[in-house]
Amino acid sequence: QVQLVESGGGLVQAGGSLRLSCAASGRTFSTYASGWFRQAPGKEREIVAAIRSSGGMTYYADSVKGRFTISRDNAKNTVYLQMNSLNPEDTAVYYCAAGPVLGISQNDYAYWGQGTQVTVSS
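Here is a short report on the structure shown in this document. Predicted model, so just to flag it, every value in this text is computed and none were measured.

## Some details on the sheet that holds strand β3 (residues 18-25)
Note on sheets: strands pair through backbone hydrogen bonds, and any given pair is parallel or antiparallel. Reading across from one edge, β1-β3-β8-β7 is the order of the 4 strands in this open sheet, with antiparallel pairing throughout. Each edge of the sheet is formed by a strand with only one pairing partner; in this case those strands are β1 (3-7) and β7 (68-73). Averaged over all neighbouring strand pairs, the angle between strand axes comes to 15°, with direction disregarded.

Below, the structure written as structure tokens:
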């Protein structure tokens, strides 16, 4: 079993940066792939980025390529999402998730955090 808790969200001006953290508990976390999803008001939840358990392979949505970076530190049981050059379209609740393999669908992940709000002002 894996428990996930996101942190690092907040209010930032366009062009600014935020770093989200996802702290995990459970001895098996290092064997799980992890993903970041987001859900904006009135929109479906969508994949943002994902990373293999080892950190050796990553995936990014086209909308965030070159701006966001996903990473993990298994020694600390933590996954990060560094977000640069933020714009108002990035405003959403961001969720971290864990699953057996890297995937781009919500159904690929069995464990979810409660989410953290990111608001980007213009």
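## Considerations on the pairing of β7
Put simply, side chains in a regular strand alternate between the two faces of the sheet. The two faces of β7 differ: Phe68, Ile70 and Arg72 on one face are buried, but Thr69, Ser71 and Asp73 on the other face are not. In this structure, β7 lies alongside strand β8 (residues 78-83), joined through 6 bridges in antiparallel fashion. Following the sheet pairing, Arg72 is matched in β8 by Val79.

## Focus on the nonpolar core
By size, the foremost hydrophobic cluster in this structure holds 29 residues, and its most contacted members are Trp36, Leu81, Met83 and Tyr94. Of all elements in the fold, only β3, β5 (46-51), β7, β8, β9 (92-99) and β11 (116-121) reach the threshold of two or more residues within this core. Listed in part, the 5 residues of the second largest apolar core include Phe37, Ile47, Ala50 and Tyr109.

## Thoughts on the environment of Gln3
Of note, Gln3 is situated in strand β1. A sequence separation of 20 residues divides Gln3 from Ala23, and the C-alpha atoms of the two residues are 8.1 Å apart. Each residue touching Gln3, except ones within four places of it in the same chain, is listed here: Ala23, Ala24 and Ser25.

## Looking at the side chain of Thr78
Here Thr78 is to be found in strand β8. Overall, Thr78 belongs to the buried group, its relative accessible area being 9%. A polar contact of 2.9 Å, which involves the side chain of Thr78, links it to the backbone oxygen of Lys76. The residues touching Thr78, leaving out its near neighbours within four places in the chain, are Ser21, Cys22, Ala23, Phe29, Ser71, Arg72 and Asp73.

## Remarks on the state of the cysteines
Tallied over the full model, the rule gives 1 disulfide. Between Cys22 and Cys96 runs a disulfide, and the two sulfur atoms are separated by 2.1 Å. Between Cys22 and Cys96, the disulfide has an S-S torsion of 60° and is therefore right-handed. Placement of Cys22 in strand β3 and of Cys96 in strand β9 is noted, with a sequence separation of 74 residues between them.

## Structural notes on the packing of aromatic side chains
Counted under the stated rule, the structure contains 4 aromatic pairs. Aromatic side chains Tyr32 and Tyr111 sit 5.7 Å apart centroid to centroid with 85° between the ring planes, which places their arrangement in the edge-to-face category. Residue Tyr32 is found in the loop between β3 and β4 (33-39), and its partner Tyr111 is found in strand β10 (residues 111-112); the two are separated by 79 residues along the sequence. For Tyr32, a relative accessible area of 17% translates into the label buried. Overall, Tyr111 belongs to the partly exposed group, its relative accessible area being 23%. A ring pair is formed by Tyr109 and Trp112, whose centres lie 6.5 Å apart and whose planes are at 80°; its orientation type is edge-to-face. According to the relative accessible area criterion, Tyr109 is buried, its value standing at 4%. Every member of this aromatic cluster is reached through a ring pair, and the members are Phe37, Tyr109 and Trp112. Above the ring of Tyr80, the side-chain terminus of Arg19 is found at 4.0 Å from the ring centroid. We note Arg45 situated over the ring of Trp112; from NZ or CZ to the ring centre the distance is 5.2 Å.

The rules behind these values
- Residues numbered from 1 in each chain as written.
- Predicted model: local features only at pLDDT ≥ 70, side-chain atom pairs only at ≥ 80, totals over all residues.
- Heavy atoms only, no water.
- Pairing = 2+ DSSP bridges.
- Helix = DSSP H or I, 4+ residues; strand = E, 2+ residues; numbered from the N terminus.
- Axes fitted to C-alpha atoms, helices over the stretch in contact; angles between N-to-C directions.
- Buried < 20%, exposed > 50% of the residue type's maximum accessible area, 1.4 Å probe, protein only.
- Core = buried A, V, L, I, M, F, W, Y, C linked by side-chain atoms within 4.5 Å.
- Contact = heavy atoms within 4.5 Å.
- Polar contact = N/O pair within 3.5 Å; in protein donor to acceptor, adjacent residues only side chain to side chain.
- Disulfide = S-S within 2.5 Å.
- Phe/Tyr/Trp six-rings, centres within 6.5 Å; stacked < 30°, edge-to-face > 60°.
- Lys NZ or Arg CZ within 6 Å of the ring centre and 35° of its normal.

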